[in-house]
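Remarks on the overall topology
Each chain, written out:
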Amino acid sequence: MDSWDVERLNELLEQDVELREKIKEQVTDLDKKTRNMVGVLNKIHSTPSESIPGLLDCVRPILHSCQTTSAAMAGLIPPSQFWRWKEMWSNSLRTAIYSAALVEFLATGKLISLPQVSQILGIKDEWQGRFVLPVEDYLHGLISLVNELSRLAVNAVTLGNFEAPIQISIFVKDLFAGFSMLNLKNDTLRRRFDSLKYDLKKIEEVVYDVSLRKLAPPPIGKNSDDVKL
């Protein structure tokens with residue numbers, strides 16, 4: 001290896017270090033935003049249903065501010081190097097997806113789609129190969145949504161909202177059915193999906209208690225079009 005090779009290799013290593021630091025700055029920014037959103041959304045467990053819209057209005061500006069971070073990230077990643085760097089922001093992105101999904105459910109009772117999440121986070125189609133929203137990260141975000149809804153089903157009852165567990169039960173059952181039809185080859189994703197049955201059982205127990213005590217009307221089936229994967 002001659003001196004030119006060594007010099008060139010050092011230059012490439014320095015470029016990688018510099019790029020990593022720049023990406024890390026944006027990931028830190030995204031982390032801060034997702035922590036703020038999760039902090040606000042945690043209040044749903046102690047907030048009466050009539051005050052939930054005001055809570056969501058506090059989250060939406062933070063959620064939409066993620067578009068700036070997405071654009072900055074897309075500007076940093078070299079073409080065709082998305083998969084090389086994606087692990088740096090996967091957890092933060094999944095949390096952002098979860099936050100968007102929870103806001104959508106609380107606002108409309110429906111499942112947010114992959115294109116909707118991309119639009120909210122400002123992730124554009126022309127960024128393919130640089131910064132995209134992987135399907136697996138979207139699914140991880142939805143699993144986190146179910147984890148949170150199983151907790152909400154219990155806490156909603158303590159706040160006197162006896163219909164919420166029934167609505168959550170219908171939604172989660174449809175979502176679980178959708179997941180069951182997917183060919184999940186990612187081990188981590190498959191294990192997290194398997195854990196959903198415990199969340200579903202927890203929700204069903206709450207619905208059973210509410211129904212047994214006749215605290216809410218019996219669940220009414222809804223259009224399956226409301227929940228699609």
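Attention in this report is confined to the structure presented alongside it.

Procedures and definitions
Residues numbered from 1 in each chain as written. Predicted model: local features only at pLDDT ≥ 70, side-chain atom pairs only at ≥ 80, totals over all residues. Heavy atoms only, no water. Helix = DSSP H or I, 4+ residues; strand = E, 2+ residues; numbered from the N terminus. Buried < 20%, exposed > 50% of the residue type's maximum accessible area, 1.4 Å probe, protein only. Areas by Shrake-Rupley, 256 points an atom, 1.4 Å probe, with all protein chains shown as cover. Lys, Arg positive; Asp, Glu negative; His and termini not counted. Charge placed at Lys NZ, Arg CZ, Asp CG, Glu CD. Polar contact = N/O pair within 3.5 Å; in protein donor to acceptor, adjacent residues only side chain to side chain. Salt bridge = Lys/Arg side-chain N within 4 Å of Asp/Glu carboxyl O. Expected span 1.5 Å × (residues − 1). Bend = angle between axes of the 7 residues up to and from the residue. Phe/Tyr/Trp six-rings, centres within 6.5 Å; stacked < 30°, edge-to-face > 60°. Contact = heavy atoms within 4.5 Å. Core = buried A, V, L, I, M, F, W, Y, C linked by side-chain atoms within 4.5 Å.

1. Some words on the overall build of the chain
- Secondary structure summary: the chain contains nine helices and zero strands in total.
- Sequence-ordered secondary structure for the chain, helices as α and strands as β, is α-α-α-α-α-α-α-α-α.
- Principal-axis analysis of the C-alpha atoms gives the chain an extent of 80 × 35 × 25 Å.
- A buried classification covers 41% of the 229 residues belonging to the chain.
- For the chain, the exposed surface amounts to about 12,600 Å²; the carbon and sulfur share of it is 52%.
- Counting 28 positive and 30 negative side-chain charges, the chain places the averaged centre of each group 6 Å from the other.

2. Here we look at the environment of Asp57
- Within the secondary structure, Asp57 is located in helix H2 (residues 52–76).
- Along the chain, Asp57 and Ile112 lie 55 residues apart, while their C-alpha atoms are 17 Å from each other.
- Side-chain polar atoms of Asp57 contact the side chain of Arg60, separated by 2.9 Å.

3. Considering the pattern of salt bridges
- Applying the stated rule across the entire model yields nine salt bridges.
- Across the pair Arg94 and Asp137 runs a salt bridge, and its minimum N-O distance is 2.7 Å. Here Arg94, found in helix H4 (residues 90–108), pairs with Asp137, found in helix H6 (residues 135–158); they are 43 residues apart in sequence, far enough to count as distant.
- Judged by its relative accessible area of 1%, Asp137 falls in the buried class.
- Between Lys173 and Glu204 there is a salt bridge; the shortest N-O distance is 3.9 Å. With Lys173 in helix H7 (residues 164–180) and Glu204 in helix H9 (residues 196–212), the pair connects residues that are 31 residues apart, well separated along the chain.
- In this structure Lys173 comes out as partly exposed when scored by relative accessible area, which is 40%.
- Overall, the relative accessible area of 35% leaves Glu204 in the partly exposed class.

4. A short note on H2
- Taking 1.5 Å per residue, 25 residues should reach 36 Å; H2 reaches 37 Å between its end C-alpha atoms and fits that length.
- The principal kink in H2, of about 25 degrees, is found at Val59, preceding the proline Pro61 by one to four residues.
- Within H2 the residues assigned to the buried category are Ile52, Leu55, Leu56, Val59, Ile62, Leu63, Cys66, Thr69, Ser70, Met73 and Ala74.

5. As for the packing of aromatic side chains
- Inspection of the entire model under this criterion finds six aromatic pairs.
- Here the aromatic rings of Phe176 and Phe193 are separated by 5.2 Å at their centres, their planes lie at 25 degrees, and the arrangement is stacked. Remark: Phe193 occurs in helix H8 (residues 187–194) and Phe176 occurs in helix H7; sequence separation between them is 17 residues.
- Taken together, the ring pairs connect Phe82, Trp83, Trp89 and Phe131 into an aromatic cluster.

6. Some words on the side chain of Thr34
- As for its position among the elements, Thr34 is in helix H1 (residues 3–41).
- Given the relative accessible area of 5%, Thr34 is considered buried.
- For Thr34, the residues in contact, after removing those within four places along its chain, are Ser92, Thr95 and Ala96.

7. Digging into the nonpolar core
- Counting residues in hydrophobic clusters, the biggest one holds 63 residues, and the most contacted among them are Trp89, Leu121, Leu149 and Phe179.
- When residues no more than four places from it in sequence are discounted, the contact partners of Leu149 are Leu102, Phe105, Ile168, Phe171 and Val172.

Read these as spatial facts, not as claims about activity.
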